[in-house]
Amino acid sequence: MTGPSQRREMAETAVERRGVSIALACRAFGVSETCYRYSPKLKDENEVIADLLTGLTDARKTWGFGLCFLHLRNVKEHPWNHKRVYRLYCQLELNLRIKPRKRLKREKPDILAVPDAPNLTWSMDFMADRLGDGRAFRLLNVLDDFNREGRGIEVDFSLPAERVIRSLNRIIEWRGKPGTIRVDNVRNTSVAS
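Quick caveat, the model's predicted, so the values are computed rather than measured. (Residues numbered from 1 in each chain as written. Predicted model: local features only at pLDDT ≥ 70, side-chain atom pairs only at ≥ 80, totals over all residues. Heavy atoms only, no water.)

Trainee: What should I look at first to understand unusual backbone geometry in this one?
Mentor: When glycine is set aside, most residues are seen to have a negative phi, and most peptide bonds are trans. At Glu93, a residue that is not glycine, the phi angle is positive and equals roughly 55 degrees. Residue placement: Glu93 occurs in the loop between α6 (82-91) and β1 (121-130). Not every positive phi belongs to a glycine, and Arg148 is a case in point at roughly 60 degrees. With respect to the element layout, Arg148 can be found in the loop between β2 (136-144) and β3 (150-156). (Helix = DSSP H or I, 4+ residues; strand = E, 2+ residues; numbered from the N terminus.)

Trainee: Can you help me understand the pattern of salt bridges in this one?
Mentor: For side chains bearing opposite charge, pairing can occur when the charged atoms are close. For the structure shown, the criterion picks out 12 salt bridges. Two residues, Arg163 and Glu154, come together in a salt bridge whose shortest N-O distance is 2.8 Å. Here Arg163 falls in the buried class, since its relative accessible area comes to 19%. For Glu154, a relative accessible area of 10% puts it in the buried group. (Salt bridge = Lys/Arg side-chain N within 4 Å of Asp/Glu carboxyl O. Buried < 20%, exposed > 50% of the residue type's maximum accessible area, 1.4 Å probe, protein only.)

Trainee: Hey, could you run me through the packing of aromatic side chains in this one?
Mentor: Note on aromatic pairs: each is described by the distance of the centres and the angle between the planes. For the coordinates displayed, the defined rule picks out four aromatic pairs. With a centroid separation of 6.3 Å and an interplanar angle of 25 degrees, the aromatic rings of Tyr86 and Tyr89 are classed as stacked. Highlighted residues: Tyr86 and Tyr89, both in helix α6, separated by three residues, approximately one helical turn. (Phe/Tyr/Trp six-rings, centres within 6.5 Å; stacked < 30°, edge-to-face > 60°.)

Trainee: How should the pairing of β3 be read in this particular structure?
Mentor: Within a regular strand, side chains alternate between the sheet's two faces. When β2 meets β3, the two strands line up antiparallel, connected through six bridges. When the bridges of β3 are listed, Leu143 appears paired with Gly150. Linking β2 to β3, which pair antiparallel, is a turn of five residues; within it Arg148 sits at a positive phi near 60 degrees. (Pairing = 2+ DSSP bridges.)

Trainee: Explain the packing of helix α4 (residues 43-59) against α6 to me, please; I cannot follow it from the model alone.
Mentor: Think of two packed helices as two axes; the pair is described by the angle between the axes and how far apart they sit. Viewed as axis vectors pointing N to C, α4 and α6 meet at an angle of 65 degrees, and their least axial separation amounts to 10 Å. With respect to α6, the element α4 is oriented roughly perpendicular. You can see that α4 and α6 cross each other, and the crossing is right-handed. On the side of α4, the interface is formed by Glu45, Asn46, Ile49, Leu53 and Thr57, while α6 contributes Arg84, Val85, Leu88 and Tyr89. (Axes fitted to C-alpha atoms, helices over the stretch in contact; angles between N-to-C directions. Parallel < 35°, antiparallel > 145°, perpendicular 65-115°, else oblique. Left-handed = near helix turned anticlockwise from the far one by under 90°. Contact = heavy atoms within 4.5 Å.)

Trainee: Any chance you could explain the packing of α4 against helix α5 (residues 65-75) here in plain terms?
Mentor: Relative orientation of the contacting elements α4 and α5 amounts to 120 degrees, with a least axis distance of 10 Å. Relative to α5, the element α4 is oriented oblique. For the element pair α4 and α5, the recorded crossing hand is right-handed. In this structure, α4 uses Leu52, Leu53, Leu56 and Thr57 to contact α5, whose residues at the interface are Cys68, His71 and Leu72. In terms of residue class, the contact of α4 with α5 is built from five nonpolar, two polar and no charged. (Nonpolar A, V, L, I, M, F, W, Y, C, P; charged D, E, K, R; others polar.)

Trainee: Could you clarify how one ought to interpret the environment of Gly132 in this entry?
Mentor: Among the structural elements, Gly132 can be located in the loop between β1 and β2. Gly132 sits in the exposed class, given a relative accessible area of 92%.

Here it is, written out as structure tokens:
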């Protein structure tokens, strides 16, 4: 199957070599007469646009198509259509390279060891949720790592540091002092004597 440009060329050769009328050649090859008579214009301007674009992208390394086009349109006052300028911009392969995001390499956390007896290691964590009316509340959970028993839960709309300390002291009075307390984003916190 031939494309429109190939059919146009065949119609042109039929008109030139065989002396066939343009209308007959266009009908025979399935080309419209406007397509046959079309001649591309402004090829010299395309070279000017290409030179300006390469000059802009060399001078301004961080400019993408949008800034280049706005500079040509508003500063240099050229009347060119953005689609035409973008087509040339892509043909020249001036598109900015998208930089890949840098991935942070994180250390793998140590595997949590299960203690040998109860009350050796506790885990402490904060959680948050919302009520039906939209008010947020927080929870402080303290668990024994040996048997996953809950040592204490503190729930309120706000849990300041004094309240957390008071809650931990109350749990220590009831259950005794643990060897260490694990907290999110902290390795191990030894409990002071």
